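Each chain, letter by letter, is given below.
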Amino acid sequence: MPSICKEANTRHTLPTESDEVLAFIGILLTMGANHDTSQSTHDLWSEVNGRPVYFSTMSRNRFEELLQMLRFDDKSTRTDRRETDKLPPITDLVRLING
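Residues numbered from 1 in each chain as written. Predicted model: local features only at pLDDT ≥ 70, side-chain atom pairs only at ≥ 80, totals over all residues. Heavy atoms only, no water.

Chemist: For the packing of aromatic side chains, give the residues involved together with the corresponding values.
Modeler: Inspection of every chain in the model, using the stated rule, returns three aromatic pairs. Taking 5.2 Å as the distance between ring centres and 40 degrees as the angle between the ring planes, the aromatic pair formed by Phe24 and Phe63 counts as tilted. Taken together, the residues Phe24 in helix α2 (residues 18-33) and Phe63 in helix α5 (residues 60-69) connect sequence positions 39 residues apart. Summarising the burial analysis for this pair, Phe24 and Phe63 share the class buried. For the pair Trp45 and Tyr54, a centre-to-centre distance of 5.2 Å together with 25 degrees between the ring planes defines the contact as stacked. Judged on exposure class, the residue Trp45 and its partner Tyr54 are both buried. (Phe/Tyr/Trp six-rings, centres within 6.5 Å; stacked < 30°, edge-to-face > 60°. Helix = DSSP H or I, 4+ residues; strand = E, 2+ residues; numbered from the N terminus. Buried < 20%, exposed > 50% of the residue type's maximum accessible area, 1.4 Å probe, protein only.)

Chemist: So what's going on with the pattern of salt bridges? Which residues, and what values?
Modeler: Across all of its chains, the model carries four salt bridges by this definition. Glu64 is the salt-bridge partner of Arg60, the closest N and O atoms lying 3.7 Å from each other. Here Glu64 and Arg60 lie together in helix α5, a separation of four residues that amounts to about one turn. Under the relative-accessibility criterion, Arg60 is labelled partly exposed at 28%. For Glu64, a relative accessible area of 24% corresponds to the partly exposed category. Across the pair Glu65 and Arg62 runs a salt bridge, and its minimum N-O distance is 2.6 Å. Here Glu65 and its partner Arg62 are both found in helix α5, three residues apart, which amounts to about one turn of the helix. Here Glu65 falls in the partly exposed class, since its relative accessible area comes to 29%. The buried category is assigned to Arg62, whose relative accessible area is 10%. (Salt bridge = Lys/Arg side-chain N within 4 Å of Asp/Glu carboxyl O.)

Chemist: Hey, could you go over the packing of α2 against α5 for me, with residue numbers and the actual values?
Modeler: Look at α2 against α5: their axes get within 11 Å of each other, and the N-to-C directions meet at 95 degrees. Relative to α5, α2 is oriented roughly perpendicular. Contact with α2, carried on its side by Glu20, Phe24, Ile27, Leu28 and Met31, involves Arg62, Phe63, Leu66 and Leu67 of α5 and no other residues of that element. In terms of residue class, the contact of α2 with α5 is built from seven nonpolar, no polar and two charged. (Axes fitted to C-alpha atoms, helices over the stretch in contact; angles between N-to-C directions. Parallel < 35°, antiparallel > 145°, perpendicular 65-115°, else oblique. Contact = heavy atoms within 4.5 Å. Nonpolar A, V, L, I, M, F, W, Y, C, P; charged D, E, K, R; others polar.)

Chemist: Tell me about α5, residues and numbers included.
Modeler: Because an α-helix packs 3.6 residues into every turn, residues spaced three or four apart end up facing the same way. For α5, the full list of buried residues reads Arg62, Phe63, Leu66 and Met69. Seen end-on, α5 carries its buried residues on one side only, within an arc spanning 135 degrees. (Arc of directions from axis to C-beta.)

Here's what the structure looks like:
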């Protein structure tokens, strides 16, 4: 599972509730569906030219903060796992999805 809370604790960031994580994932899915991934978050969160679905869900600063903290693996063991695993940051996530 994503470890936003663990990374947040090291950065002294506000705690993340499950509803906020779901909103964050919803924004990522919406960005993909709308082909918005190549646009800057500044443009997407603009109240003039952006999409209301983004700025009405969460602030741009909070979205960027969560994006920077999102981890799918344990950074402290990543180097060791890299010796036998080509994609250690996402291997556990892929296994979780594939069941």
